[in-house]
Amino acid sequence: MGMVVSAVGTVASGALSGAGGELGRRTSERLFDLLRRDPVGDGDGGGEGAGVDGPTLPVTESERSAAALRLMELVHSSPQAARDVSEWVREAAWLTPRSVPAVAHGASRPRMLPPTTAVFTDRADVLAWLTALLDEEDRTRGAPVIAALTGPGGIGKTAAVVHCAVELGDRFPDGVLFADLNGASAGTALPPSDVLARFLERLGVPSAAVPGDEARQRDLYLDCTADRRMIVVLDNAHDDAQVIPLLPASPGCLVLVTSRHRPGRLVARHGARPFAVGPLSSEDSVSLLRRVVGNDRPAAPDHAVRAVADGTGGIPLALCTTGAGLAVREHLSWERVARRLSDRIHGHDREGTDVTDAHPDDSGALTDPTDPTDPVRAAQDVAYGELTPDCAALYRAIAVAAWPTVTVACAAQAAGVQDREARALLEQLGRVNLLEEVGEERYRFHDLTRAHARELALAEDGHTRISGAVRRVAVGQLRFAAAADFRVMPKRWRLGPAYQDLVLPADRDGSDGKRALASLRRERENLAAAIRAADQHGFDDLVWQLCEAMWTLHLRLGFHAQWIDTHVLGVEAARRSAAEFGDRRAVGRMCTQLAFGHMGAGRADDAEAALEQAVAADRDCGHHRGEASAVEARGLLRLRQWEFTAAERCFEEAREILDRIGPDGDGRQDVPRATALLTHHIGRARTKQRRFTAAAAQLHDALARFRRLSDGGDPYNEGRVYMSLGDLHLDAGDPDQARVCLDEAVKAMTADGAGLQLADALIARARCHRDAGRTAQEAEDLRGAAQCLSEAGNDDEAALARVRSRLTEIEA
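Cut-offs applied
- Residues numbered from 1 in each chain as written.
- Predicted model: local features only at pLDDT ≥ 70, side-chain atom pairs only at ≥ 80, totals over all residues.
- Heavy atoms only, no water.
- Axes fitted to C-alpha atoms, helices over the stretch in contact; angles between N-to-C directions.
- Helix = DSSP H or I, 4+ residues; strand = E, 2+ residues; numbered from the N terminus.
- Parallel < 35°, antiparallel > 145°, perpendicular 65-115°, else oblique.
- Left-handed = near helix turned anticlockwise from the far one by under 90°.
- Contact = heavy atoms within 4.5 Å.
- Nonpolar A, V, L, I, M, F, W, Y, C, P; charged D, E, K, R; others polar.
- Buried < 20%, exposed > 50% of the residue type's maximum accessible area, 1.4 Å probe, protein only.
- Expected span 1.5 Å × (residues − 1).
- Pairing = 2+ DSSP bridges.
- Core = buried A, V, L, I, M, F, W, Y, C linked by side-chain atoms within 4.5 Å.
- Disulfide = S-S within 2.5 Å.
- Salt bridge = Lys/Arg side-chain N within 4 Å of Asp/Glu carboxyl O.

1. Structural notes on the packing of helix 20 (residues 462-488) against helix 22 (residues 524-536)
Two numbers describe how helix 20 lies on helix 22: the axes approach to 10 Å, and their chain directions differ by 135°. With respect to helix 22, the axis of helix 20 lies oblique. Considering how the two elements wind past one another, helix 20 and helix 22 form a crossing that is left-handed. Of the residues in helix 22, those touching helix 20 at Val470, Ala474, Gln477, Phe480 and Ala481 are Asn526, Leu527, Ala530, Ala533 and Ala534. Per-class residue counts for the contact of helix 20 with helix 22 are eight nonpolar, two polar and no charged.

2. Things to note about the pairing of strand 4 (residues 254-259)
Strand 4 sits mainly inside the fold: six of its six residues count as buried. A two-sided burial pattern is seen for strand 4, the buried positions comprising Leu254, Leu256 and Thr258 on one face and Val255, Val257 and Ser259 on the other.

3. A look at helix 22
Residue pairs three or four apart in sequence face the same way in an α-helix, which turns once every 3.6 residues. Between its terminal C-alpha atoms helix 22 stretches 19 Å, which fits the 18 Å expected from 13 residues at 1.5 Å a residue. Taken together, the buried positions of helix 22 are Arg524, Asn526, Leu527, Ala528, Ala529, Ala530, Ile531, Ala533 and Ala534. Phi turns positive one or two residues past the end of helix 22, at Gly538, with a value near 80°.

4. A short note on the sheet that holds strand 5 (residues 273-276)
Across the sheet, which stays open at both edges, the five strands sit in the order 2-3-4-1-5 with parallel pairing between neighbours. A strand with exactly one partner marks an edge of an open sheet, and here the two such strands are strand 2 (176-180) and strand 5. Between one strand axis and the next, the sheet turns by 15° as a mean value, whatever way the strands run.

5. Looking at the side chain of Gln641
Among the structural elements, Gln641 can be located in the loop between helix 28 (624-640) and helix 29 (644-659). Discounting residues that sit within four places of it in the chain, Gln641 has contacts with Leu16, Leu57 and Ala604.

6. Description of the nonpolar core
Residues Trp88 and Ile398 are the most contacted members of the largest nonpolar core, which totals 130 residues. Among the elements that line this core, the one with the most residues is helix 20, at 10 residues. Here Trp88 is in contact with Ala7, Val8, Val11, Thr27, Arg30, Leu31, Leu34 and Leu71, once residues within four sequence places are set aside. If you look at the next biggest cluster of nonpolar residues, it comprises 85 residues, including Leu127, Val195, Met230 and Val382.

7. Considerations on the state of the cysteines
This structure, assessed with the given rule, holds zero disulfides. No disulfide involves Cys788; its sulfur sits 17 Å from the nearest other cysteine sulfur, which is in Cys768. You can call Cys788 buried: its relative accessible area is 12%.

8. A short note on the pattern of salt bridges
Applying the stated criterion across every chain, the model contains 64 salt bridges. The partner of Arg396 in a salt bridge is Asp461, with the nearest N and O atoms 2.9 Å apart. Taken together, the residues Arg396 in helix 16 (residues 389-397) and Asp461 in the loop between helix 19 (447-460) and helix 20 connect sequence positions 65 residues apart. A relative accessible area of 10% places Arg396 in the buried class. Close ionic contact of Arg465 with Asp461 constitutes a salt bridge, the shortest N to O distance being 3.8 Å.

9. Quick word on the packing of helix 22 against helix 25 (residues 560-579)
Their axes nearest at 10 Å, the elements helix 22 and helix 25 cross at an angle of 30°. The angle between the axes of helix 22 and helix 25 places the two elements in the roughly parallel class. When the axes of helix 22 and helix 25 are compared, the crossing they make is left-handed. Every residue of helix 25 that contacts helix 22 at Arg524, Glu525, Ala528, Ile531, Arg532 and Asp535 is listed here: Gln562, Thr566, Leu569 and Arg576. Partitioning the contact of helix 22 with helix 25 into residue classes produces three nonpolar, two polar and five charged.

Written as C-alpha cells, this is what we have:
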C-alpha cells in the first residue's frame, strides 16, 4: 500500500509541474485511466461518446490515499487489473528523480572545488581544528559535521576551506559539492533553489528530472546525499536561511560554511561549530607576499618586505593585491608601496590630501570599502593608482552592477570599447589581482573589490555614466539572448524589436539549436543579473524584453525560482512601460510566461492568477494573439489537472479568439500554426473524455493544418499528432491501428532529427509490440530508443534506465 501511495504522489506532483516529460504525461494519464475503471466490472468507466472527465487529479494527502485505495480495490478485482496496476507502479517508480549511484556513473561523484592557489600560506590551525572535529569519538548524533568559518571580507575564508577540502578529500570518497552563494548582500545572494538544482545535476539527476519547487528539490537532495561521504562547501553565505536548505542529512558528510556573520541558527539548531578566521601573522604575511611577488624581481631587504606586509594588516586579499602589483611592475619599489599603504591607512592620499571624511556608498557591502584605514581598501587604492587610464576606466565600468561573471563582451559593452581592447584590459586587471579569472575569458570580482570599483565609479563617473554602462550591457545581453532564443525555437511567436531582422545561419545544422540552448545556459546567471540591473536603473523596456528572450531557456531547462523572480520584475516593468506609451501587449505576454513558471513549480493557484491577469491585459489592449496564448495556457493547465472538458473549452475559446485576427491584424502570420496546435490540443482533450470519433477528427484536421503551413510544413508537430493518434487507438482498444500511427510518428521524428521525441515514439511502439506478443520487434524498438537517449547525453537518464531494464528482461 505504501508503495502505491508513493507512486500516486510522485505522478500527481509531476502532472502539475510537467516533470518527467512525455513519460510523466503518459504515466499521469494512465493513472487517470486506471482510476476511471469500475473495480466491480473491471470496465473502462465509459465507452465511446461518454464525454465525462472521470476522476480528479489527487492533490491533497487524503485524495492521494483515496486514489491508492481505489487502485488496491482494482488489484483485487481481476488478474488483468492487478497486472495493469503493477505495471503502472513500475512506470511511476522510474519517474521518481534519483541520483546515479557513485559506483555506476562518474558524474555522481562530483569534484566541484575551484582550483587551489599555488601561494596558499598557513591556516594550519583551521585544518587541525577540522581534523579534530572529524576525529571526535561521539558520532552518534546522526548528523553531518558542520563547520562555520567566519571573518571579514578578504580574510581568506574561501582559500582556507578549499585547501582543507583538498587535504581531507581522501576521507570523503563520494566527492565534493561547492557553491559560491554570493552572499555579500541580500540582493546578490543566490536562492537555495538555484544551488539545489546545480547540486542535483552534479549528483547525476538529469536536468529534466530536477523538480521545479524548492521543497521537492530539498527532498531529492537529501535522498541523493543519503549514505554518502561527501564534503559540501557553502562559500560566502549571506545568512542561515540561505544555508539550511543545502545541508545534507548523512552523518558521513562534512559541511564547510563561510560567512562574514556568525550563523546563529546553524549553531543553535544544527550543531554547527564556529571558527573565527583572523589575519595572518607577520611571518606568514611576509611569506605570502614573497610567494605572490615571485623570484623575477631583485631580492628586497627584509625590512622593506615586512613594512609592506604590515601595511596590509595580514589580510590575504590585500597581500595578494599588493604582491601582484609588485610582481608585474618592475618600476615599483617596495619602499614606495609601503609608504603609500601607510599614507592611505593614516588618512592621506598620495598627494597628502586628507581622506578620512570619505563617505560609504550604497553598494550593500558588509565591509565599508571607503574606510581609508582598511588595509584591503588601502591595497586596492595602491593597485588602482598604478592602472593606466583606460584600464582604470574599464575597472570602474564593469563594477556598475553585480554581474556574476564578467565576459569579454560584457566588459567591452560596459566600457564602450572593442572586444580586443577589453580582452587586454581584463588580462591586466587579472595580473594585478583586481579580478580573478574563473573560466576561459570569464572573470569575477571579489565582492570587496567590486565595491571599491563601484565607489570609484560613483565618484569619478557619476550616475549618468553608470546608467549608460548598465544599459549598454543589458542591450548586449538582449541581442545575444534573442539571437540564441531564435535559433532554439525559430517558429514560436515573440514580442519585441530585438527579433527584427533575425535570420537563421545559412550553414545551420541539426545541432545548432542545442548549441544555442547551451550558450543561453552558460549565460543564465548573467542574464538574470542584467534583468535586475535594468530594473534598478529604470530600463523597463529592456527588462521585459530580456524576459521574453529567456523564454526558451526556461521552457526547456526550468530554473523555476529564477524564472519566477525575473518575470515578476518583467510584469511590473511591462506595466510601467505600457503606462508611458510602451508596448501594451507586453503586459499580457509577461503574465502568461510567469504563469508557466508557476506551473513548472507546481503552483497551480499562482499560475491561474497570472493567467487571469494575462487575459485581462490582452483584452484591454485588443491583442488577440496574446489573449489566445493565455487562454491556451489555461487549457494546458486544465489538461495537467485532468479537467479535460474544461481544457477543451479553453482550446475552443482560444481558437475563436484567433479567428478575430483580420488579414492585416497583429499576429496574423502565426494564426495557421497556432490554430493547428490548438486543434491538436482539442483532439487530446477529447481522447481522454473517450470521445474517440470526435477526437480522431480533430487530430486528422491538425495533421492537415500542419502539412499546409507555408514554410514547408512542420514535421515535428506532425509526428506529435501521430503520437496522439497512437494514444487514441490504444485507449480505444485498437493496438494494430495504434502501431500504424506510431510507424508514421517514427518516420516524422526521424526526418526531423528530434532524438528524444523519436525515442518516445519508439517506446510507445514497443509497447504495442509487447501487448501483441511481438518480443523481437519490441526489443528492436527499445534498442533504437536506447540509442536515441544515449546520444541525447544526460537529458533523460530515467527513461534510458527504464528502456535498458526492459531490454534486460527480454534478453534474460
